[in-house]
Amino acid sequence: MGGSVALRKQVNVLDYFVLVVGTVIGSGIFISPKGVLQNTGTVGWALIVWVVCGVFSTLGALCYAELGTSVQKSGGDYTYIKDSAGPIFAFLRLWSAVLGGRTAGDAVLSITAATYLTSPIFTDCENGVPFAITRMLACAILVAITFCNSVSVPLTRKVQIIFTVAKLLGLAIIITSGMVLLIQGNTSNFENAFNVKEVDWKKLPLAFYSGLFAFTGWQSSVSITEEIINPAKTIPKTIIAAIAFVTFVYVITNVAYFVALSPEEVLKSDAVAVSYGLRVLGNWWLLMPLAVALSVIGSMNGTFFTASRQFYVAGRDGQFPEVLSMVHIDRKTPLPAATVLLPISSLMLVSDSIYSLINFLSFTVWTFVAMTIASLPYFRWKYPDAKRPFKVVPLAIPFIFILMSVFMVAGSIYSAPRNALIGVVMTLSGVPVWFICVWWQNKPRKLIKVFDNITIFLQRTLCVVPPDDVIDKTFDVTEDETSSKLE
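Residues numbered from 1 in each chain as written. Predicted model: local features only at pLDDT ≥ 70, side-chain atom pairs only at ≥ 80, totals over all residues. Heavy atoms only, no water.

A. Focus on unusual backbone geometry. Following Val393, the chain continues into Pro394 via a peptide bond in cis, with omega recorded as 0°. Counting through the fold element by element, Pro394 comes out in the loop between helix H16 (354-382) and helix H17 (396-415). Positive phi, normally seen in glycine, also occurs at Asn230, with a value near 50°. By relative accessible area, which is 39% here, Asn230 ends up partly exposed. At Lys332, a position not held by glycine, the phi torsion is positive, near 60°. Position of Lys332 among the secondary structure elements: in the loop between strand E1 (327-328) and helix H14 (335-339). (Helix = DSSP H or I, 4+ residues; strand = E, 2+ residues; numbered from the N terminus. Buried < 20%, exposed > 50% of the residue type's maximum accessible area, 1.4 Å probe, protein only.)

B. Structural view of the pattern of salt bridges. Under the counting rule described, the total for this entry stands at 8 salt bridges. Put simply, Arg102 and Asp106 hold a salt bridge, and the shortest N to O gap is 3.1 Å. (Salt bridge = Lys/Arg side-chain N within 4 Å of Asp/Glu carboxyl O.)

C. Focus on the packing of aromatic side chains. All chains considered together, the criterion is met by 18 aromatic pairs. A centroid spacing of 5.8 Å and a plane angle of 55° characterise the contact between Phe17 and Phe245, whose relative ring orientation is tilted. Of the two residues, Phe17 sits in helix H1 (residues 13-24) while Phe245 sits in helix H10 (residues 231-260), which places them 228 residues apart along the sequence. With relative accessibility at 26%, the residue Phe17 sits in the partly exposed group. Given the relative accessible area of 30%, Phe245 is considered partly exposed. (Phe/Tyr/Trp six-rings, centres within 6.5 Å; stacked < 30°, edge-to-face > 60°.)

D. Geometry of a nonpolar patch on the surface. On the surface, Phe435, Ile436, Trp439, Trp440, Leu447, Val450, Phe451 and Ile454 cluster together into a nonpolar patch covering about 760 Å² of accessible area. Those elements giving two or more residues to the nonpolar patch turn out to be helix H19 (430-439) and helix H20 (445-462). Considering every element that reaches the nonpolar patch, the biggest residue donor is H20, with 4 residues. Structurally, Trp439 is set in helix H19. Classification of Trp439 as exposed rests on a relative accessible area of 56%. (Patch = residues over 30% accessible without salt bridge, like charges linked within 9 Å, V, L, I, M, F, W, Y side chains within 5 Å. Areas by Shrake-Rupley, 256 points an atom, 1.4 Å probe, with all protein chains shown as cover.)

E. Here's a closer look at the side chain of Arg316. On the secondary structure map, Arg316 appears in helix H13 (residues 287-316). The class for Arg316 is buried, based on a relative accessible area of 16%. A distance of 2.8 Å separates the side chain of Arg316 from the side chain of Glu226, its partner in a polar contact. (Polar contact = N/O pair within 3.5 Å; in protein donor to acceptor, adjacent residues only side chain to side chain.)

F. Structural detail: the packing of helix H5 (residues 87-101) against helix H18 (residues 417-428). Where H5 contacts H18, the two axes come as close as 9 Å, and the packing angle between them is 115°. Comparing the axis directions of H5 and H18 gives the class roughly perpendicular. Of the two elements, H5 crosses H18, and the hand of that crossing is right-handed. Where H5 abuts H18, its residues Leu92, Trp95, Ser96 and Leu99 lie against Met426, Thr427 and Leu428. Per-class residue counts for the contact of H5 with H18 are 5 nonpolar, 2 polar and no charged. (Axes fitted to C-alpha atoms, helices over the stretch in contact; angles between N-to-C directions. Parallel < 35°, antiparallel > 145°, perpendicular 65-115°, else oblique. Left-handed = near helix turned anticlockwise from the far one by under 90°. Contact = heavy atoms within 4.5 Å. Nonpolar A, V, L, I, M, F, W, Y, C, P; charged D, E, K, R; others polar.)

G. Main features of the side chain of Thr364. With respect to the secondary-structure elements, Thr364 resides in helix H16. On the basis of relative accessible area, Thr364 is assigned to the buried category, the value being 6%. Apart from residues lying up to four places away in sequence, Thr364 is in contact with Ser96, Gly423 and Thr427.

H. Representation of the layout of surface pockets within the structure. Estimated volume of the second largest pocket: approximately 860 Å³. For the second largest pocket, the lining is made up of 27 residues, of which Phe320, Pro321, Glu322, Cys437 and Phe451 are closest to its centre. Secondary structure elements with two or more residues in the lining of the second largest pocket: H5, H13, helix H15 (342-348), H19 and H20. It is H20 that contributes the most residues to the lining of the second largest pocket, 6 residues altogether. (1 Å grid on protein atoms, 1.4 Å probe; cavity = no way out; pocket = protein on both sides within 12 Å on 5 of 7 lines; lining within 4 Å. Points joined across faces, edges and corners; volume = space filled by probe spheres on them.)

By themselves, these observations are geometric and do not establish any function.
Written out as structure tokens, the structure is:
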């Protein structure tokens, strides 16, 4: 194909909007309504939690928008933590992702998609879908997504658009049919919707956990800054519009659920969308498990795309193996970084303990999110003259988000201290790895030669080379600060 070997700027406004929406809308909207209702007690308070989760996510998106437009490097929270808290914390951020934060998450999502794709076929089977079938199909899904992200960025963008449209069509069916029923007068489930006596306020934080689970994904959208066309304008407007759109879709979808299903029916269901389909859509209920599966696969495709850029930048920084920073000669994709998680996620499919790994490391997600947001005021102080195309006003917004994130972490520790302790131990296990592999520079020559030979072998096998262009500075401080509010 020729040309320079580098990741190209080819993600436009539509691509970025679809990436954010398609990554955020995964399995959460089809699963989380039960958890939100269970921990609020009433339909009205459940809907309020969904709105508050959307507002909370928007505040975080505002902060990430400033970071994404002022920091020139890709890598997202890895890059921001590295330049604020230090390289060891950035390494631990990705280390926890490798141990289970990302790998186990991808494995579980692939199992979820496989289960929903095959469940209509095994409706008469007492034990549900056979274990071997779900695992083999889940592995096939992981391989297909990895292949897509490895061979072509344009192909990855097209796949993301197709699956996002498919999941939105599935939600549109729920919303449209629900609104028709609402207009026809099916409002009995909204009576006494805000009965305070039925609310257990101690469980309210758990309701927010369930709701925010459905909003997860927007944090990784700034990991591809170097590939976005005109990121100074594209990132702020698009990410905020995308979160607002997702919030609207989630709230209206939940209204549709409660139009057709009573609170008791929602609490008894492990798949609210499927229960809704069986109640409202008749023989067309099969569209619901298909919509869930497509939604999950689309979300996985988005997370693979953004996560690979974090490992790509980490390899470029010397935090992870150098080969991860290399680009395919012809495809112009970060092939090694796009495939690095596949073997681990695939191996995790053989065990059910992967669900425990997610529980152990869930609180670390909010810990690193809080650290990322904390880098914003730090960068304001350290680089006061840096160019900031978008600026969060007032500065109290990141501090509010940090406090709320700390509240989430504290709530996680309070509700499951054992899981939190195991998560801390797993995350800190990366400290000796960092000291040996990254900090220790004067390694024996023989050991260095072994690593170099492995790198050369992988280069030849994968046809990858270091990129021609390397961004060596984080902030643009060559011009006067020209920040402005989003208009």
